[in-house]
Amino acid sequence: MSTNPISFLAQSRFSPETIQAQQRFQLSNGTTVETCCPGVITFEPASLHAAKSILLSSGVHGNETAPIEICEALVEDLLQEKIKTQHRVMFIFGNLPAMNIGERFVEENLNRLFNASVSIDNQEQVRAQELKREVHRFFESDSAAPSSHSDSKRIHYDLHTAIRESKNEKFVVYPFLHGHEYSKQQLRFLSACDVNTVLLSQSPTSTFSYYTSRNYNTHGFTVELGKVKPFGENNMASFRNVNEMLTQLITRQEPILPPLDECPLDVFDVKQVIDKHTDDFKLHFADNIPNFTGFPKGTLLATDGDKEYRALENDEAIVFPNANVALGQRALLTVVRCEI
Ligand SMILES: O=C(O)CCC(=O)N[C@@H](CCC(=O)O)C(=O)O
Ligand SMILES: [Zn+2]
């Protein structure tokens, strides 16, 4: 594998039939590699002493290329033994056919399929089942299953980029924790990645990060790293600290983190989750308004047939507005500043 002229990702995208499921081999530095299925690969060090189980997913939306490029480089560095992992690491490149057509998805948004649904009527539904199976295999075979979030050594960063510009360029969605404590250690790590804005989700969702957080007690996050760009057009300089910290996460027992009081965190509660219910759904602000733009209380933000959605507080800000989603799906989040 280390002499393969094309990357694991390129092989997965362009000749998935050549990826042998569950094929294991060893690198000369003692790391065990398993190609689980197209787009899914794991690395396990010889010594599992104090090892974390780290899941890095990218490309769950096929056109969000910066995280895919970051993870592809990490996978190749591991395979070529330029870096050596100290932890169990799984990389998932989510929606391979969508990457090949440069779209968010082919038939259905993969990041709305991580719930109890068992349909397998289209390729994204099939992929969601496959990814859930692989994630289960990965986390169920680590040595000590955590009893709660607080003592968990399981981490999942689901890496994305946003459709719009954002006033706060890098941010995370912290999935609903059902009363568990937010992890200060995680906030310090994210801040070291230049991710200083945190949205606290207040309800269950069908996203990948909520799924692993809820079912496997991971420190799970949806991480937004900037704006969507085609392959090759990302300004990789703006991901220097992301790269550096992900490399440290994998290669060091513990990454070097800033103290919490030096992390300039900007924290928001999700105030409204606005779903689209009719084909008349309409947003009442311009397409070029960036994420995190705030509106005065009472401002009309969206209408859905006769139903009106207004800002409920002063400076309530919009995130992820998208009138083009399928019926029943989230078309807009609003958020308000809070303390953590
Ligand atoms: O920019 C947008 O409108 C979407 C960017 C994106 O894909 N965001 C994720 C967020 C998932 C979460 O809420 O945890 C998504 O919509 O799937
Ligand atoms: Zn995305």
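Note that the structure is a prediction, hence the values are computed from the model and not measured.

Across its full length, the protein chain carries seven helices and 16 strands. For a compact globule of 340 residues, the expected C-alpha radius of gyration is about 20 Å, and the protein chain comes in at 20 Å, within 12% of that figure. The buried share of the protein chain, reckoned over its 340 residues, is 40%. Considering only residue pairs separated by 6 or more positions, the protein chain has 73% of its internal contacts joining residues 24 or more positions apart.

This part covers the nonpolar core. Grouped together as the largest cluster of nonpolar side chains are 76 residues, with contacts concentrated most on Leu55, Leu56, Phe91, Val172 and Leu199. Sorting elements by how many residues they give to this core places helix α2 (residues 65-79) first, with six residues. Sequence-distant contacts of leucine 199, defined by excluding residues within four places in its chain, comprise Phe171, Val172, Val173, Tyr174, Phe268, Val270, Val319 and Val335.

Another point: the domain arrangement of the protein chain. Taken domain by domain, the protein chain holds domain 1 (8-262) and domain 2 (270-337). Its C-alpha centre places domain 1 at a distance of 28 Å from the equivalent point of domain 2. A per-class count over the side of domain 1 that touches domain 2 returns four nonpolar, six polar and four charged.

Here we come to the site of ligand 1. Neighbouring residues of ligand 1: 13 residues in total, closest Asn111, Ala162, Ile163, Val173 and Thr222. For the shell around ligand 1, the per-class residue count stands at four nonpolar, eight polar and one charged.

Within helix α6 (residues 208-216), seven of the nine residues are buried, which leaves the element mostly enclosed by the surrounding structure. Of all the positions in α6, only Phe208, Ser209, Tyr210, Tyr211, Thr212, Ser213 and Tyr216 are classed as buried. Buried residues along α6 sit in contact with β4 (53-58), α4 (123-140), β6 (154-162), β7 (171-174) and β9 (219-227).

The next subject is the pairing of strand β13 (residues 300-304). Summarising the sheet, strand β11 (residues 282-283) and β13 pair through two bridges and their orientation is antiparallel. When the bridges of β13 are listed, lysine 282 appears paired with threonine 303. The turn joining β13 and strand β14 (residues 307-310), which pair antiparallel and follow one another in sequence, is formed by two residues; a positive phi near 60° is taken by glycine 305.

What follows deals with the sheet that holds β14. A sheet is described by the order of its strands in space; here three strands give the open sequence β11-β13-β14, paired in antiparallel fashion. What marks the edges here is a single partner per strand, and that holds for β11 and β14.

Side chains Phe171 and Val173 of β7 all project onto a buried face; the interleaved residues Val172 and Tyr174 project onto the opposite face, where all are buried too. Here β7 runs beside β9; their pairing, made up of three bridges, is antiparallel. Its bridge partner being in β9, valine 173 is matched across the sheet by threonine 222. Relative to strand β8 (residues 197-200), β7 runs parallel, the two sharing four bridges.

Turning our attention to helix α7 (residues 240-251). The periodicity of an α-helix, 3.6 residues per turn, causes residues three or four places apart in sequence to face the same way. When the terminal C-alpha atoms of α7 are compared, their 16 Å separation across 12 residues agrees well with the 16 Å that a helix rising 1.5 Å per residue should span. Within α7, the full set of buried residues consists of Val242, Met245, Leu246, Leu249 and Ile250. For α7, the angular spread of the buried residues around the axis is 135°, confining them to a single face. Contacts made by the buried residues of α7 are with β4, α2, β5 (88-93), α5 (184-192) and β9.

Taking the UniProt record as the reference, the feature "active site" (unreviewed entry) is found at Glu224. C-beta crowding within 10 Å serves as the criterion here: with 26 such atoms nearby, glutamate 224 is assigned to the buried category. In this structure, glutamate 224 is in contact with His160, Thr161, Ala162, Lys170, Phe171 and Val172, ignoring residues within four places of it in sequence.

Per the UniProt entry, the sites bearing "domain: Succinylglutamate desuccinylase/Aspartoacylase catalytic" (unreviewed entry) are residues 51-249 in this numbering. As annotated, residues 51-249 comprises 34% helix and 19% strand, and the C-alpha atoms at either end are separated by 11 Å.

In this model, the protein chain carries a mean pLDDT of 96, and residues with pLDDT of at least 70 account for 99%. Model confidence for the complex: the whole-complex pTM is 0.97, and ipTM, which rates the interface, is 0.98.

For the rest of this paragraph, the subject is unusual backbone geometry. Its identity is not glycine, yet histidine 178 carries a phi of approximately 55°, on the positive side. Within the secondary structure, histidine 178 sits in the loop between β7 and α5. Despite not being glycine, phenylalanine 292 shows a phi value in the positive range, around 75°. Since 20 C-beta atoms lie within 10 Å of it, phenylalanine 292 is described here as buried.

Scoring rules and cut-offs
- The residue count restarts for each chain, going from 1 along the sequence in the order it is written.
- Lettering of chains starts at A and numbering of ligands starts at 1, both following the order in which they are written.
- In keeping with the model being predicted, local features are shown solely for residues with a pLDDT of at least 70 and side-chain atom pairs are shown and tallied solely at 80 or more, while totals for entire chains, interfaces and linings include all residues.
- Only DSSP runs of H or I covering at least 4 residues are called helices, and only runs of E covering at least 2 are called strands; the numbering of each starts at the N terminus.
- Each radius of gyration is computed over the set of C-alpha atoms, and the globule rule expresses the reference value as 2.2 Å times the number of residues to the power 0.38.
- Backbone-placed C-beta atoms define the burial measure: a residue is buried with 20 or more other C-beta atoms within 10 Å of its own, exposed with 12 or fewer, and partly exposed in between.
- With C-beta atoms placed from the backbone, a contact is any residue pair whose C-beta atoms sit within 7 Å.
- Residues enter a nonpolar core if they are buried, belong to Ala, Val, Leu, Ile, Met, Phe, Trp, Tyr or Cys, and are joined to the set through C-beta atoms within 7 Å.
- Each domain's extent is set by a domain assignment, obtained either automatically or from a database.
- In this count, Pro and Cys sit with the nonpolar residues alongside Ala, Val, Leu, Ile, Met, Phe, Trp and Tyr, while Asp, Glu, Lys and Arg are called charged and the others, Gly among them, polar.
- Only the C-beta atom matters for this test: placed from the backbone, it must lie within 6 Å of a molecule or strand for the residue to be near it.
- Following DSSP output, two strands are said to pair if at least two bridges run between them.
- Here the expected span of a helix is defined as 1.5 Å times the quantity of residues minus one.
- To be clear, the arc concerns the directions from the helix axis to the C-beta atoms.
- UniProt positions are given in the numbering used here, feature names are shortened, and annotations may be inferred rather than shown by experiment.
- The pLDDT score gives, residue by residue, the confidence of the prediction method on a 0 to 100 scale.

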